[in-house]
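# Remarks on the overall topology
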Amino acid sequence: MLEWLRELGRSGIGFFEKLGRSSLFLLKTLAGLPGVILRPRLLIAQLLSVGVLSMPIIVVSGLFVGMVLALQGYNTLVDFGAEESLGVAVALSMVRELGPVVTGLLFAGRAGSALTAEIGLMKATEQLAGMEMMAVDPMHRVIAPRFLAGFISMPLLALMFSAVGIYGGHFVGVGLLGVDEGAYWAQMQAKVDLHGDVVNGIIKSIAFGWVATWIAVFEGYDTVPTSEGVSRATTRTVVYSAFAILALDFVLTALMFGD
Amino acid sequence: MQDTATSDTAHETLVKIRGLYFARGERVIFDGVDLDIPRGKVTAIMGPSGTGKTTLLRLIGGQLQPDAGSIEVDGEQVPELGRAALYRLRRRMGMLFQSGALLTDLPVFDNVAFPLREHTRLPESMIRDLVLMKLQAVGLRGARDLQPAELSGGMARRVALARAIALDPMMIMYDEPFTGQDPISMAALVQLIRLLNDTLGLTSIIVSHDVQETTAISDYIYVISQGKVVGQGTPEELGKTDSDWVRQFMQGLPDGPVPFHYPAPDYREDLLNA
Ligand SMILES: Nc1ncnc2c1ncn2[C@@H]1O[C@H](COP(=O)(O)OP(=O)(O)OP(=O)(O)O)[C@@H](O)[C@H]1O
Ligand SMILES: [Mg+2]
């Protein structure tokens, strides 16, 4: 029992110690952002590898999620003769919830793990130390552009995911199941609120992008510089990001939609 | 106390280390080390594997903080420098890492151009000329378009050398420059280090355990072991040393005062206590 308590205390301290270190790390990263804005080429390269290369998986997943939503929603709605509302059902689920959350999870798996592995390998092969000795601060040159790229990409990817999903729902609902095309769009326009739904969804995706990218770059920078350390850090990025996104989603949803 | 006159005679030592103490956890790496690196000379620091040669270079470069003692580079106390001052000092130091530490996402050319692009606003045509000159010096001008993954270990080290001299530093630190070089490139590298030192007026610090090559080009040698300087002098002086320790190391004898084994409990007992 005592042993167990001690173990609990130790991991508690470990957790807060890591939280402190990663917060300091975040502050240093933010201090590097002005420099990134002055050198847009660094940012563009990262937007390409973090954002653009994540697009295929986001588009394909969004399409399927939208199609499944339409299929499921139709079966429920048709019992109440409310299949005209299919557009609203799909759009609200997408914009409020699935867009930000699923995109966040996919983003952590695709872009976050790649960021951690890349930064971790740079550390393990002394590239970061080498930069420091060339009087180039890796926080500015390596970390800050990657962080900013993730922060910018994530909301855009989430919007793309939702948009594609709505078209996927349209394809199944209108194209295959025969829901009225006009009703699909008109009800959606009438019931989806720009501020209450779309903007809140975007706020969520910004928060998830922030957290997932922060975790990814920190875990990379904090890697134990061996090949085993890099693989562990990569796993941690995916696990911690998923956990953080889902927990944060609950908090944000409670704040935004529960009154 | 510090004489700030800029004449060379007033500052004959570029790096001055006094009473250096550094420990990693329980393990003491340096226990009272005094070193002087004279300006314009090639100074070697030798010692068996694991004595802390790489650690010493990192201390001089300000990447590690000593637990006690002073490290002075060109009149500045490295451990006390703020970030900006430290970075300013590092621009004048080149360091060749044991692994090369090339940026893996950039081809050879861009690796050598990296410090120039980061620290100068030279036009691209001039950067090109400078990079080609540095690559020519290490014999790899033809390899400019290769990716670091396509280089052998020895080639990577030479590219890293070209990069380290890109900004024309006042001093350059070589961490094991000779490992992984074939006899031809080894000879070329030995000549090159000497040539760079003399023509560019550099100060060179070579960390190595290759006795032959190192004695061939050094003006002065420090031998460190178990946290202390155990011998020092010009190559000739060290050749005639009466310290058993230094003789064993310089001549590469397996038996002598230097243990080949990492500290361990008694072998027999260890085996019997299965
Ligand atoms: N990051 C670290 N954490 C803990 N101990 C370390 C670390 N890096 C090095 N050491 C220890 O410090 C000692 C000195 O290491 P260092 O790399 O400076 O040796 P070296 O003289 O350069 O050896 P080699 O000739 O093999 O390169 C070693 O015993 C090593 O175990
Ligand atoms: Mg070493």
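Let me begin by describing the structure that accompanies this report. (Residues numbered from 1 in each chain as written. Chains lettered and ligands numbered in written order. Predicted model: local features only at pLDDT ≥ 70, side-chain atom pairs only at ≥ 80, totals over all residues. Heavy atoms only, no water.)

Secondary structure summary: chain B contains 10 helices and 10 strands in total. Taking 2.2 N^0.38 as the reference for a compact globule, 274 residues should give roughly 19 Å; the C-alpha atoms of chain B span a radius of gyration of 20 Å, in line with that estimate. Oriented by its inertia axes, the alpha-carbon framework of chain B measures out at about 65 × 50 × 40 Å. The proportion of buried residues among the 274 residues of chain B is 48%. For chain B, restricting intrachain contacts to residue pairs at least 6 apart in sequence, the fraction spanning at least 24 positions comes to 62%. As displayed, chain B offers around 13700 Å² of accessible surface, 51% of which is attributable to carbon and sulfur atoms. The distance from the centre of the 27 positive side-chain charges to the centre of the 35 negative ones in chain B is 6 Å. (Helix = DSSP H or I, 4+ residues; strand = E, 2+ residues; numbered from the N terminus. Rg over C-alpha atoms; globule rule 2.2 N^0.38 Å. Buried < 20%, exposed > 50% of the residue type's maximum accessible area, 1.4 Å probe, protein only. Contact = heavy atoms within 4.5 Å. Areas by Shrake-Rupley, 256 points an atom, 1.4 Å probe, with all protein chains shown as cover. Lys, Arg positive; Asp, Glu negative; His and termini not counted. Charge placed at Lys NZ, Arg CZ, Asp CG, Glu CD.)

Right, let's talk about the overall build of chain A for a bit. The number of helices and strands found in chain A is 9 helices and 0 strands. Listing each helix as α and each strand as β along chain A from the N terminus yields α-α-α-α-α-α-α-α-α. For chain A, the spread of C-alpha atoms along the principal axes amounts to about 70 × 55 × 30 Å. In chain A, the proportion of contacts linking residues at least 24 apart, taken out of those at least 6 apart, comes to 84%. Only carbon and sulfur atoms are counted for the fraction: they give 72% of the accessible area of chain A, which is about 12600 Å².

Residues and elements named next belong to chain B. Counting buried residues along strand β9 (residues 220–225), 5 of its 6 residues qualify, which places the element largely inside the surrounding structure. Of the pairings in the sheet, the one linking strand β3 (residues 42–46) to β9 comprises 4 bridges and is parallel in character. Across the sheet, the residue bridging to A44 is I221, located in β9. For β9 and strand β10 (residues 228–233), the ladder comprises 5 bridges, and the chain directions are antiparallel. By the bridge assignment for β10, Y222 is matched with Q232. Between β9 and the antiparallel strand that follows it, β10, lie 2 residues; Q226 among them carries a positive phi value of about 45 degrees. (Pairing = 2+ DSSP bridges.)

Further remarks concern the sheet that holds strand β8 (residues 203–208) of chain B. Residue and element names in this part refer to chain B. Reading across from one edge, β6-β7-β8-β3-β9-β10 is the order of the 6 strands in this open sheet, with mixed pairing throughout. At either end of the open sheet lies a strand with only one pairing partner, and these are β6 (93–96) and β10. Recorded for the sheet is a direction-independent mean angle of 15 degrees between the axes of neighbouring strands. Here 5 bridges tie β3 to β8, and the two strands are oriented parallel to one another. Within the sheet, the bridge partner assigned to M46 lies in β8 and is S208. Each of β3, β6, β7 (171–175), β8 and β9 is contacted by helix α1 (residues 53–60), which is oriented at about 155 degrees to β7, the strand it contacts most. Sheet strands in contact with helix α5 (residues 153–164) are β6 and β7, and its direction is about 175 degrees off that of β6. (Axes fitted to C-alpha atoms, helices over the stretch in contact; angles between N-to-C directions.)

All names here are of chain B. Structurally, P235 can be placed in helix α8 (residues 235–239). P235 sits in the buried class, given a relative accessible area of 16%. Between the C-alpha atoms of P235 and V211, which are 24 residues apart in sequence, the distance is 10.0 Å. Ignoring sequence-local partners within four residues, the contact set of P235 consists of T215, S218, D219 and I221.

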